[in-house]
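Examination of the molecular architecture
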Amino acid sequence: MTVTNILSESILEKYIYPVLPVRLVTMIRAVPAAILANLTEIRLRINRPLLLVLGNTDIIVNPMGRVITKYDEAYLCNQDDVHKTLQLISKNSLYAFEQELKMGFLTIDGGHRIGLAGQAIVEAGDVKALKNISSLNIRLAREVIGCADKIMPYIMTLEGHVLNTLIISPPRCGKTTILRDMIRQISTGSRLYKGLQVGVVDERSEIAACKNGISTVDLGVRTDVLDSCPKAIGMLMLIRSMSPAVVATDELGRAEDIYAVREALNAGVSVLTTVHGNEINELLHRPYVGELLEHKYFQRYIVLSDVPRVGTVEKIIDSKNNEILWDKTSK
Amino acid sequence: MWLKLIGSILVFLVSSYIGFQMASRCQARPRHLRQIISCLGSLRSYIIYAYLPLHEAVSRCTNGIDGPVTVFFQNVATMLEKEALLTPEEIIKRVLSEMQGILMLKSPEIEVLHVLGGNLGVMNSKEQEKYISLVIEQLERFENEATRLRDLNTKMYRYLGICGGMAIVIILI
């Protein structure tokens, strides 16, 4: 059994199986470990097959847990599977996840995000809650120590400062995993640069995977985490209270996030953050984020993809000269 | 003669004991209801203001209270944490049936607690607040009734126990 297999199994045993009904656990356990090693998502949809997503591809299983190809033999998830999973995830406390439900996801121990889809209840133009939840997407978060090794030389200056960096990638390409490793390396330091104070605003509890406010992953020795706090408020709070040299956060998008990033940069604090997207040109046309790019607030852009595998660094770009510092094709 | 005397004393003591036990049960019911109301008040706060998960909120809501009511809430909290596949309603039903005779509750109060279990944790915090407040209101009505019955019956059971014992002794002698 390889290290990856053992790692995946321990994630499944420790964090994922406890939130799944026994029937589904039995089925997934029957799938060969070599396949489960590449598992990135488990998708449950009422009256649809249980899907196990492995990077770019997915598989279906029959009720015995055997991997099959015919949809008519596949195990179909039912309402009870989805309800029981929700019950186990929320520990019978859906009210405690009110805010998360509004945004359509929950984060469980270990930083694994569970996406939800169902019927939205809208009040005054805002989503008040989700009801009749019919789909769940359990995304496995993996801590990959050292996955940011090749990025680090491009974002650190000779004086030991961190350049403002924006990680650009479509969903499921390893943004958070790479950001987490960057935070760990900046915070811990190396023989080339000393460790810096890092403040992390973890709005979705994915970066630090906090349990009772304490990070359950290695984020280095100089990292303060503000868990479950909106990015915009959290960044300003951290700057005022913890005086970090670097502020890291995930998934920019709203107008207030952009304002907070600008405030942080103006305060002389370096910012590491991520945004959904494929290319820089595409982001330029997007509201709010486009402004940051246009005014070159970030010094480095790191573009990720999932080809050939999740977490592939496509390009590292110097925004000042629009120069490609590193390219996957020309390595 | 001695045998008769000892027998009479025993009959008198047993009868008085039964009377005092009945009186104590009468006193326990409003006390338990009052404690449950107090725990539900804390539970409501832990849910609305602290957004604590249900098992943690139930476990903390007994602060400052002891006796069977604490045991009830603690058992519910433990089961909520360990048996996550059971609903709060199933857990409350199970714990209540295990504590039959220890918690001095009558069937209307038990029914209210069952219904409470059926609605715990499933709605948003605002709805939880409304629902728990409604249950507290209902339990307060039961408590007032139980207090009235306690004032009315406690002395009666005690006197009945003593006097009944004495009457049996007199008849037997």
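Residues numbered from 1 in each chain as written. Chains lettered and ligands numbered in written order. Predicted model: local features only at pLDDT ≥ 70, side-chain atom pairs only at ≥ 80, totals over all residues. Heavy atoms only, no water.

1. Considerations on the overall build of chain B
What counts here: The helix and strand labels rest on DSSP assignments: H or I over at least four residues marks a helix, E over at least two residues marks a strand, and numbering proceeds from the N terminus. The globule rule used for comparison is 2.2 Å times the number of residues to the exponent 0.38, while the radius of gyration itself is calculated over C-alpha atoms. Type-normalised accessible area, obtained with a 1.4 Å probe on protein chains alone, sets the label of each residue: buried when under 20%, exposed when over 50%, and partly exposed for intermediate values. Each accessible area is a Shrake-Rupley estimate made with a 1.4 Å probe; only the visible protein chains count as cover when residues are assessed. The charge count treats Lys and Arg as positive and Asp and Glu as negative. His and the chain ends do not count. All charge positions are set by atom: Lys at NZ, Arg at CZ, Asp at CG, Glu at CD.
Each helix and strand counted, chain B has six helices and zero strands in total. Counted from the first residue to the last, chain B has its helices and strands arranged as α-α-α-α-α-α. Its C-alpha atoms give chain B a radius of gyration of 21 Å, more than 25% over the compact-globule value 16 Å for 173 residues. Across its three principal directions, the C-alpha atoms of chain B cover 70 × 30 × 25 Å. Expressed as a percentage of its 173 residues, the buried residues of chain B come to 39%. When the accessible surface of chain B is split by element, carbon and sulfur atoms take 61% of a total near 9,700 Å². Placing the 18 positive and 16 negative side-chain charges of chain B at their respective mean positions leaves the two points 9 Å apart.

2. Topic: the pairing of strand 3 (residues 57–61) of chain A
Residues and elements named next belong to chain A. Cut-off, in case you're wondering: Only strands joined by at least two bridges in the DSSP assignment are considered to pair.
Two strands pair when backbone bridges link them, and strand 2 (residues 51–54) and strand 3 are joined in this way by four bridges, in the antiparallel orientation. Considered in strand 3, the bridge of Leu-51 is made with Ile-60. Hairpin connection of strand 2 to strand 3: two residues between the antiparallel strands, including Gly-55 at a positive phi of 65°. Where strand 3 meets strand 4 (residues 67–68), two bridges bridge the pair, whose relative direction is antiparallel. Following the sheet pairing, Val-61 is matched in strand 4 by Val-67. Between strand 3 and the antiparallel strand that follows it, strand 4, lie five residues; Gly-65 among them carries a positive phi value of about 90°.

3. Details of the nonpolar core
For clarity, the threshold we go by: By nonpolar core we mean a set of buried residues, namely Ala, Val, Leu, Ile, Met, Phe, Trp, Tyr and Cys, connected to one another through side-chain atoms within 4.5 Å. It only takes one pair of heavy atoms within 4.5 Å for two residues to be counted as in contact.
Formed by 79 residues in total, the largest nonpolar core has its most connected members in Ile16(A), Ile42(A), Leu50(A), Leu40(B) and Phe72(B). Those residues within four positions of Ile42(A) in sequence are excluded, and the remaining contacts are Leu12(A), Ile16(A), Leu20(A), Ile28(A), Leu50(A), Leu51(A), Leu52(A), Leu136(A), Asn137(A) and Ile138(A). Grouped together as the second largest cluster of nonpolar side chains are 31 residues, Ile151(A), Ile167(A), Met182(A) and Leu304(A) included.

4. Thoughts on unusual backbone geometry
The linkage connecting Val307(A) with the following residue, Pro308(A), adopts the cis geometry, with an omega of 0°. Among the secondary structure elements, Pro308(A) is positioned in the loop between strand 13 (300–305) and strand 14 (312–318). Its identity as a non-glycine residue notwithstanding, Arg172(A) has a phi of 65°, on the positive side. Considering the arrangement of structural elements, one finds Arg172(A) in the loop between strand 8 (165–169) and helix 7 (175–188). You can call Arg172(A) partly exposed: its relative accessible area is 31%. Phi is positive for Tyr51(B), close to 50°, though the residue is something other than glycine. Here Tyr51(B) is to be found in the loop between helix 1 (2–48) and helix 2 (54–60). Taking relative accessible area as the criterion, Tyr51(B) reaches 32% and is therefore assigned partly exposed.

5. Looking at empty space enclosed by the protein
Put simply, the test is: Within this scheme a cavity is a closed region of a 1 Å grid, computed over the protein atoms alone, that accommodates a 1.4 Å probe without allowing it to escape, whereas a pocket is open but has protein on both sides within 12 Å along at least five of seven lines; lining residues each have an atom within 4 Å of a point. Grid points are joined across faces, edges and corners, and a volume is the space filled by probe spheres set on the points. Residues are grouped as follows: Ala, Val, Leu, Ile, Met, Phe, Trp, Tyr, Cys and Pro are nonpolar; Asp, Glu, Lys and Arg are charged; every other residue, Gly included, is polar.
Within this structure, the stated rule accounts for three cavities of 30 Å³ or more. Its boundaries defined by the atoms lining it, the largest cavity holds a volume of some 70 Å³. Surrounding the largest cavity, Leu40(B), Leu43(B), Val58(B), Phe72(B), Phe73(B), Val76(B), Ile92(B), Leu113(B), Leu116(B) and Leu120(B) form its lining. Contributing elements (two or more residues each) for the lining of the largest cavity: helix 1, helix 3 (68–82) and helix 5 (107–119) of chain B. Of all the elements, helix 3 of chain B adds the most residues to the lining of the largest cavity, at three residues. For the lining of the largest cavity, the residue count by class is 10 nonpolar, no polar and no charged. Taken as a whole, the second largest cavity encloses approximately 40 Å³ of empty space. Lining the second largest cavity are Arg142(A), Glu143(A), Val144(A), Ile145(A), Thr177(A), Arg180(A), Asp181(A), Arg184(A) and Asp218(A). Along the lines of polarity and charge, the residues of the lining of the second largest cavity split into two nonpolar, one polar and six charged.

6. Some thoughts on the pattern of salt bridges
Residue and element names in this part refer to chain A. Going by this rule: Salt bridge, as applied in this entry: a Lys or Arg side-chain nitrogen positioned within 4 Å of an Asp or Glu carboxyl oxygen.
All told, the structure shown has 26 salt bridges over all chains when counted by the stated rule. The salt bridge involving Glu-279 is made with Lys-315; its shortest N-O contact spans 3.7 Å. Placement of the pair is Glu-279 in the loop between strand 12 (270–276) and helix 10 (280–284) and Lys-315 in strand 14, with a sequence separation of 36 residues. The class for Glu-279 is partly exposed, based on a relative accessible area of 36%. The network of salt bridges with common partners includes Glu-203, Lys-231, Arg-254, Glu-256 and Asp-257.

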